[in-house]
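A closer look at the structure
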There are 2 protein chains.
Amino acid sequence: MSLTAASNSTTSDFPARLRDVAAAVETRLEALLSQPHGHQSVIFEAARYAALGGGKRLRPFLTVETARMLGGPLDQALSVGCALECLHVYSLVHDDLPCMDDDDLRRGKPTVHRAYDDAIAVLAGDALLTRSFGILGEVDLPADIRVKLVAELAVSGGMSGMIGGQVVDITVAEGERDEALITDLQAMKTGALIDFAVRAGGYVAGASETELAALSAYARDMGLAFQIQDDILDVTGDAETVGKAVGKDADLGKATFVSILGLEGARHRAKELGEQAKNRLEPWNKDAQTLRDTVDFVLERQH
Amino acid sequence: MSLTAASNSTTSDFPARLRDVAAAVETRLEALLSQPHGHQSVIFEAARYAALGGGKRLRPFLTVETARMLGGPLDQALSVGCALECLHVYSLVHDDLPCMDDDDLRRGKPTVHRAYDDAIAVLAGDALLTRSFGILGEVDLPADIRVKLVAELAVSGGMSGMIGGQVVDITVAEGERDEALITDLQAMKTGALIDFAVRAGGYVAGASETELAALSAYARDMGLAFQIQDDILDVTGDAETVGKAVGKDADLGKATFVSILGLEGARHRAKELGEQAKNRLEPWNKDAQTLRDTVDFVLERQH
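These lines cover the structure that appears in this document, whether it is placed above or below. (Residues numbered from 1 in each chain as written. Chains lettered and ligands numbered in written order. Predicted model: local features only at pLDDT ≥ 70, side-chain atom pairs only at ≥ 80, totals over all residues.)

As for the packing of helix α8 (residues 143-156) of chain A against helix α8 (residues 143-156) of chain B
Two numbers describe how α8(A) lies on α8(B): the axes approach to 8 Å, and their chain directions differ by 50°. Between α8(A) and α8(B), the interaxial angle falls into the category oblique. The way α8(A) lies across α8(B) gives a crossing that is left-handed. Across the interface between the two elements, A143(A), D144(A), R146(A), V147(A) and V150(A) from α8(A) touch A143(B), D144(B), R146(B), V147(B) and V150(B) from α8(B). Among the residues making up the contact of α8(A) with α8(B), the classes are represented as six nonpolar, no polar and four charged. (Axes fitted to C-alpha atoms, helices over the stretch in contact; angles between N-to-C directions. Helix = DSSP H or I, 4+ residues; strand = E, 2+ residues; numbered from the N terminus. Parallel < 35°, antiparallel > 145°, perpendicular 65-115°, else oblique. Left-handed = near helix turned anticlockwise from the far one by under 90°. Contact = placed C-beta atoms within 7 Å. Nonpolar A, V, L, I, M, F, W, Y, C, P; charged D, E, K, R; others polar.)

As for the relation of the copies chain A and chain B
The transform that puts chain A on chain B rotates by 180° and translates by 0.0 Å along the axis, for an RMSD of 0.0 Å. One copy is carried onto the other by what is essentially a two-fold rotation axis. Scanning chain A for the C-alpha nearest the rotation axis identifies A143(A), at a separation of 2.7 Å. A share of 100% of the interface residues of chain A reappears at the interface of chain B, consistent with the copies meeting face to face through the same patch. (Least-squares fit on C-alpha atoms with pLDDT ≥ 70 in both.)

What about the environment of G164(B)?
Mapping G164(B) onto the fold places it in helix α9 (residues 162-171). Judged by local crowding, G164(B) falls into the buried class, with 28 C-beta atoms found within 10 Å. (Buried ≥ 20, exposed ≤ 12 C-beta atoms within 10 Å, placed from the backbone.)

Focus: helix α3 (residues 41-51) of chain B
Among the residues making up α3(B), those that are buried are I43(B), F44(B), A46(B), A47(B), A50(B) and A51(B). In an axial view of α3(B), the angular spread of the buried residues amounts to 165°, which keeps them on one side of the axis. Taken together, the buried residues of α3(B) touch α9 (162-171) of chain A together with α2 (14-32), α5 (74-95), α6 (112-115) and α7 (118-138) of chain B. After α3(B) finishes, the residue G53(B) shows a positive phi value of roughly 80°. (Arc of directions from axis to C-beta.)

With respect to the packing of helix α7 (residues 118-138) of chain A against α8(A)
How two helices pack is summed up by the angle between their axes together with the distance between the axes. Residues and elements named next belong to chain A. In contact at an axis separation of 8 Å, α7 and α8 are set at 160° when each is read in the N-to-C sense. Between α7 and α8, the angle is such that the two are roughly antiparallel. Handedness of the α7/α8 crossing: right-handed. Facing F133, L136 and G137 of α7, the residues of α8 in contact are R146, L149, V150 and L153. Classifying every residue of the contact of α7 with α8 by side-chain character gives five nonpolar, one polar and one charged.

What follows is the structure, given as structure tokens:
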């Protein structure tokens, strides 16, 4: 399924569009992670094992759909989205390591360190992170847009963004965790990349600073709603549907939006954030339907 | 010590120049790895622990000195060299992990996972790798040069470069290792970044394709000589001088240039490569004295 075909589908058919973009992401990632190789072929295999064959592909979807809303070039948006997906996947591979979350299951299959070993998992993550920036360095966009994407992804994925959030998550004691702290934590850990996903679509399409600010506001609200739904699923979901271990946070006595706000309180907060996110899209009126539908999708998802 | 001061020193005083650039690298890295931070401060500390306070800084030295030889802007070359150094340091942090080489000592002090823990070491490595590309994305050079640097560093540090070499090193059985294999392995594992170091100086200075090709030829010969000297030091050095564990390769029965060529054979091969490297610099005549001196330094170093 190509992205061109996806662009012909109607925006009202959200599930079909999500599937179309996910299929295009899969095909593009397949191409981006395929290179001639010799004795080191196991690292290509492990990187492909981690990156291919599944996932909602929400981040590249946001990049592509934001670019589409703004009339930007979809093929380039797809590559940029795939760069971001490589970075997201590396973070999952490293987070799953025994010295971090020690997870055996990811997207319904054994994690990389279980399928290979810890050393290969560390290196496959490193390779995907490196490739992520390589894709942005090579993508067919003006050089000034490429350097903006590189610089901003490095911040979003770095010590003040995703990595910073992960560090807070594994180091801050439970007693110190209140709603403000876990909101900040999640804004870094998951929010920063969702923000980048949307802004990247804006950059690809040459968005103005005003547009980028509105897109960021949408992304921040939606990203937090996404994380609250994640916490809800950790309590209400089952491992088979979610595709990874559930109930871990509760077992660990970990402070989450559910433990702090209660299940109903968390649902209410997520819904509120979702409405707020949609309101951020007013400037684009009906062109923003897919990004609005994405909010509903995030809130209604069961995995 | 600033780089401006270094540029006033005479090229004949190689040790002073090496010290001057190392001091400038230290100061610049200090600035590049300093940001406002909150609960995640431990990750900044760990990244700084790994990156600051030591090392020959050979890679940034090569970038700066190549740019100097070609009349390029030194301040920008210094930042690019520091980006490369961050990537080099991340690779050391991850290579030292228990699931990889399991080293306790690096540059004469406890490795990051010994000083902190495995999770922080994984994340500090990730953070340095991410920051490396962030620095290149932000450096004050024309955007088209920045994207070239990003794209090329991703290849040099990726699955067909440094990571590929590390994978071959940890996965290929001893029986399969001959001189050709370990030459290829080292060309990827250490050679690719040394090549990048020199080429990056060329890019910063706007070098032509012909010049870049000569610089690469120099870097490849010198990089291999560097690795052979590393193997020699693993046999002849002592841990205190070398600053890390020695004799490990021999203890592990690992094939090295010394085990394959013998100690004298390895010394001869390194010397031969060194001469060849110097000959590559003919186009620059006396302007290349520092890069020639670097070859001698690499061959004569005791750590």
